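# Structural overview
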Amino acid sequence: KAGVTQTPRYLIKTRGQQVTLSCSPISGHRSVSWYQQTPGQGLQFLFEYFSETQRNKGNFPGRFSGRQFSNSRSEMNVSTLELGDSALYLCASSLGLGTGGYGTEAFFGQGTRLTVV
Amino acid sequence: AQKVTQAQTEISVVEKGDVTLDCVYETRDTTYYLFWYKQPPSGELVFLIRRNSFDEQNEISGRYSRNFQKSTSSFNFTITASQVVDSAVYFCALSEAGSSYKLIFGSGTRLLVRP
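Figured I'd write up the structure that's included with this text.

The rules behind the values
- Residues numbered from 1 in each chain as written.
- Chains lettered and ligands numbered in written order.
- Predicted model: local features only at pLDDT ≥ 70, side-chain atom pairs only at ≥ 80, totals over all residues.
- Heavy atoms only, no water.
- Helix = DSSP H or I, 4+ residues; strand = E, 2+ residues; numbered from the N terminus.
- Rg over C-alpha atoms; globule rule 2.2 N^0.38 Å.
- Buried < 20%, exposed > 50% of the residue type's maximum accessible area, 1.4 Å probe, protein only.
- Areas by Shrake-Rupley, 256 points an atom, 1.4 Å probe, with all protein chains shown as cover.
- Lys, Arg positive; Asp, Glu negative; His and termini not counted.
- Charge placed at Lys NZ, Arg CZ, Asp CG, Glu CD.
- Phe/Tyr/Trp six-rings, centres within 6.5 Å; stacked < 30°, edge-to-face > 60°.
- Pairing = 2+ DSSP bridges.
- Axes fitted to C-alpha atoms, helices over the stretch in contact; angles between N-to-C directions.
- Core = buried A, V, L, I, M, F, W, Y, C linked by side-chain atoms within 4.5 Å.

Below, the discussion takes up the overall build of chain A. When helices and strands are counted, chain A shows zero helices and eleven strands. Ordered by position from the N terminus, the helices and strands of chain A form the series β-β-β-β-β-β-β-β-β-β-β. For chain A, the C-alpha radius of gyration of 13 Å lies close to 13 Å, the compact-globule estimate for 117 residues. The dimensions of chain A, computed from C-alpha atoms along their principal axes, are 40 × 25 × 25 Å. Evaluated residue by residue, chain A yields a buried proportion of 53% over its 117 residues. A total accessible area of about 5,400 Å² is found for chain A, and carbon and sulfur atoms account for 48% of it. A distance of 4 Å separates the average location of the 11 positive side-chain charges in chain A from that of its 6 negative side-chain charges.

Applying the stated criterion across every chain, the model contains 19 aromatic pairs over all chains. Site record: aromatic cluster; members linked through ring pairs are Tyr35(A), Phe45(A), Phe108(A), Phe35(B), Tyr37(B), Phe47(B), Phe91(B) and Phe105(B).

A few words on the pairing of strand β6 (residues 53–57) of chain A. Residue and element names in this part refer to chain A. Pairing geometry for strand β5 (residues 42–50) and β6, over four bridges, is antiparallel. Across the sheet, the residue bridging to Glu48 is Asn56, located in β6. Taking the residues between adjacent antiparallel strands as the criterion, β5 and β6 are bridged by two residues, where Ser51 takes a positive phi near 50 degrees.

Turning our eyes to something else, we now look at unusual backbone geometry. The omega angle of the peptide bond from Thr7(A) to Pro8(A) is -10 degrees, so this bond is cis rather than trans. Counting through the fold element by element, Pro8(A) comes out in the loop between β1 (5–7) and β2 (10–13).

Residue and element names in this part refer to chain A. The sheet built from four strands is open, its strands ordered β1-β3-β8-β7 with antiparallel pairing. Each end of this open sheet is capped by a strand with a single partner; those strands are β1 and β7 (64–68). Strand-to-strand twist across the sheet, computed as the mean angle between neighbouring axes with direction ignored, equals 20 degrees. Bridging between β7 and strand β8 (residues 74–78) involves five bridges; their strand directions are antiparallel.

What follows concerns the nonpolar core. Judged by nonpolar contacts, the single largest core of 24 residues is most densely connected at Trp36(B), Phe77(B), Tyr90(B) and Leu111(B). Looking at this core, the elements that each hand over two or more residues are β2 (10–14), β3 (19–21), β5 (32–39), β6 (46–52), β8 (64–69), β9 (74–79), β10 (88–96) and β12 (109–114) of chain B. Take this core: its biggest share by element is four residues, from β10(B). Residues Val4(A), Ile26(A), Val78(A) and Leu114(A) belong to the second largest nonpolar core, which totals 21 residues.

In structure tokens, the structure reads:
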């Protein structure tokens, strides 16, 4: 059974540009969550999508957005990139809504490492 | 407010030794879940162990065991007979019903297992 796939693995972008990251969840999983990992702030929740609808959102500016497609694949977009957006972006998929609730746990991809210069 | 604290920044242990990673959590929710994840250098977070707020028993799974103490809000994780491949960063995480079960992570503990 294939795991969570994130593409691309590495990205270098310039300040002011925008970027789109992709996540393919485990087959049959309907929930996709995104997390940002930085040395200073650690792991922080960005948002969760379930059945193509955003169900939960973290405390990030509107420059961070996402969407989910009917096949559960998800994309995350960051517009007007800032140096502080440099991070490892991790995607997690789970069978049900959320992580832990309803007997689910999250399975993570290897992440996309974004560097903003 | 919900919070997860991992006071140990880095731990070093000699191979085959036992090691315990500490985790203290704060929550007002009565329904919550606690997790331990491992992050090797490759980057992905690997699920290790989970505990429900209403589950009374402590669990042992192979070389991993968890010790949940509700009275002190602690959720410690022990690796017995550690191996070099256990070297990684370990994260404790909390998810609550009141927060739609998003994961709240601690700052992580870097474990180094020396041969």
